[in-house]
Amino acid sequence: MDKTDKKYSAYIQILREELQPAMGCTEPIALAYGAAVARKTLGELPDRVVIGASGSIIKNVKSVIVPNTNHMKGIAAAATAGIVAGDPDMELEVIASVTPEQIAQMQTFLDQTPIDVEHIDNGLTFDIVVTLYKGESYAKVRIANFHTNIVLIEKNGEILKEEKVEGESEEGLTDRSLLNMEDIWDFITTVDTADIEDILERQIKYNMAIAWEGLRGDYGANIGSVLLDMNGDDIRTRARAMAAAGSDARMNGCELPVIINSGSGNQGITASVPVIVYAEELGVSREKLHRALALSNLTAIHQKTPIGRLSAYCGAVNAGAGAGAGIAYLCGGGYPEVIHTVVNAIAIVSGIVCDGAKASCAAKIAEAVDAGILGYNMYIRGQQFHGGDGIVTKGVENTIRNVGRLAREGMKETNEEIIDIMIG
């Protein structure tokens, strides 16, 4: 792909837009971000808080520990962290710098301030409305469709910012429909890696740091440590375990940031850590690692685009297939190996549902990574799933479209049932 091709610059921009730092699970952090913006707009500490959240936001905030809060969980805790200690200029690192005094203030605020949470349905999967009151004054902030997309800031009846929300489109971001597997392959094999080095080196640094922390510490169900203890330290187990350990830490209050993918830290970890582990084992050059990571990340983003940011379909499946593609490339695979790895991986684990962010995400990540690795090893041994095998159809793009249809349309009711079970 030539540098003058519009897709060349678009693919770099997509990586730059998606591979952003975040501290903690991105849905509670988005809520903390909205609350911090509302607090700045109000200009004083509120005496009452009302939070409106779509079902998928409630699902993904309910059970995860919010970092820098002394292990508080849930919507009220996330909003409180943003109100008391948030720096809105830091976006998804909004509560990265919190003092012990502020943590104590959070508990006092929770104890003394009414915080009402409402399940809202404006036809959007991703929808957050934070309203802060101080006496007769109020400030309202709405975030829609993706984690930093503030579409409304209002204070005391005055509209300070408003952007039209047209369905679940992502206005302002580079057109993801430009992605396809053939052009992704062309891009990663021809890109001047100096153009993407800064993006990917940050991902390597951040995501491996939290993976190692997950193995060192005691987080959640410690899936990463269990895998190593159960299966030993072979490369396949280590790739799964390190990715799981990153999620172990992230879901359970670790205060290290991650580089996200498709709005998700777990997907960012899944798409990167196994590829890095394989690259270290194989002793490949840094340049080849960067190409493999670009392949994994873009493959994951491409699969997630027709699904949407939040769904009842587990995003680790897409990221695990992306990791499988990156590993296939590191092992010497070409385009046929890569696309068949993706299809095989989708066929194996596309039934995993998302029931919110919590400790068991680590185990789902381990299985998604395993499916990516198995998908590659199937193909190099002359085995594959064929069109007509369930949702698999002839052509990688057609199969990806089928998954998007299943996840976005077919699993709407599944998502509602999961939400009802979780909050009912």
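I will try to describe carefully the structure that is included in this document. (Residues numbered from 1 in each chain as written. Predicted model: local features only at pLDDT ≥ 70, side-chain atom pairs only at ≥ 80, totals over all residues. Heavy atoms only, no water.)

This paragraph deals with helix α6 (residues 181-190). Those residues of α6 lying buried are M181, D183, I184, W185, F187 and I188. Check the buried side of α6 and you find it contacts α1 (6-18), α11 (286-304), α12 (315-330), α13 (335-349) and α15 (396-410). Where α6 begins, one side-chain oxygen reaches toward the backbone nitrogen of E182, 3.2 Å away; that side chain belongs to N180. (Buried < 20%, exposed > 50% of the residue type's maximum accessible area, 1.4 Å probe, protein only. Helix = DSSP H or I, 4+ residues; strand = E, 2+ residues; numbered from the N terminus. Contact = heavy atoms within 4.5 Å. Polar contact = N/O pair within 3.5 Å; in protein donor to acceptor, adjacent residues only side chain to side chain.)

Tallying each qualifying case throughout the model produces one cavity of 30 Å³ or more. Volume-wise, the largest cavity comes out at about 340 Å³. N60, S264, Q267, G315 and C354 are the residues nearest the centre of the largest cavity, which is lined by 30 residues in total. Going through the elements one at a time, α2 (26-42), α3 (55-61), α9 (235-251), α10 (265-282), α12 and α14 (361-380) are the ones with two or more residues in the lining of the largest cavity. (1 Å grid on protein atoms, 1.4 Å probe; cavity = no way out; pocket = protein on both sides within 12 Å on 5 of 7 lines; lining within 4 Å. Points joined across faces, edges and corners; volume = space filled by probe spheres on them.)

It is worth spelling out the environment of V342 at this point. Along the chain, the position of V342 falls in helix α13. In sequence terms V342 and Q102 are 240 residues apart; their C-alpha atoms lie 46 Å from each other. Non-local contacts of V342, meaning those with residues more than four positions away in its chain, are made with M181, T299, Q303, A321, A325 and V396.

Bringing the pairing of strand β4 (residues 127-134) into the picture now. With six of its eight residues buried, β4 lies for the most part within the structure. Sheet topology note: the strand β2 (residues 48-53)/β4 ladder contains six bridges and is antiparallel. Across the sheet, V49 pairs through a bridge with L132, a residue of β4. As defined by bridge partners, β4 adjoins strand β5 (residues 137-144) across eight bridges and the pair is classed as antiparallel. (Pairing = 2+ DSSP bridges.)

Peptide bonds are mostly trans, and most non-glycine residues show a negative phi. The phi angle at N68 is positive, at roughly 60 degrees, despite the residue not being glycine. Inspection of the secondary structure assignment puts N68 in the loop between α3 and α4 (75-85). Despite not being glycine, S262 shows a phi value in the positive range, around 55 degrees. Mapped onto the elements, S262 comes out in the loop between β8 (257-259) and α10.

The rolling of a water-molecule-sized probe over the atoms marks out the regions of remaining empty space. Its boundaries defined by the atoms lining it, the largest pocket holds a volume of some 730 Å³. If you go around the largest pocket, you meet 37 residues; those closest to its centre are T125, E168, G308, L310 and R408. Where the lining of the largest pocket is concerned, the elements lending two or more residues are α3, α11, α15 and α16 (412-423). If you tally residues by element for the lining of the largest pocket, the top one is α16, at four residues. Class assignment for the residues of the lining of the largest pocket results in eleven nonpolar, 14 polar and twelve charged. Put simply, the second largest pocket is a space of about 320 Å³. Lining the second largest pocket are 17 residues, and of these E17, Q20, E91, L92 and T148 lie nearest its centre. Residue classes in the lining of the second largest pocket are distributed as six nonpolar, four polar and seven charged. (Nonpolar A, V, L, I, M, F, W, Y, C, P; charged D, E, K, R; others polar.)

Before going further, it helps to spend a moment on the sheet that holds β2. Spatially, six strands are ordered β3-β2-β4-β5-β6-β7 in an open sheet, and the strand pairing comes out mixed. Strand pairing shows two members of the sheet lacking a second neighbour, β3 (115-119) and β7 (158-162), which therefore form its edges. Adjacent strand axes in the sheet meet at a mean angle of 10 degrees when their direction is disregarded. Relative to the sheet, α2 contacts β2, β4, β5, β6 (150-155) and β7, its axis offset from that of β4 by approximately 35 degrees. (Axes fitted to C-alpha atoms, helices over the stretch in contact; angles between N-to-C directions.)

Ranked by internal contacts, the top residues of the largest apolar core, which has 127 residues, are Y11, L31 and F187. Excluding residues within four positions of it along the chain, Y11 makes contact with M1, L178, L179, N180, D183, I184, F187 and L298. I223, A241, A362 and A366 belong to the second-largest nonpolar core, a separate cluster that totals six residues. (Core = buried A, V, L, I, M, F, W, Y, C linked by side-chain atoms within 4.5 Å.)

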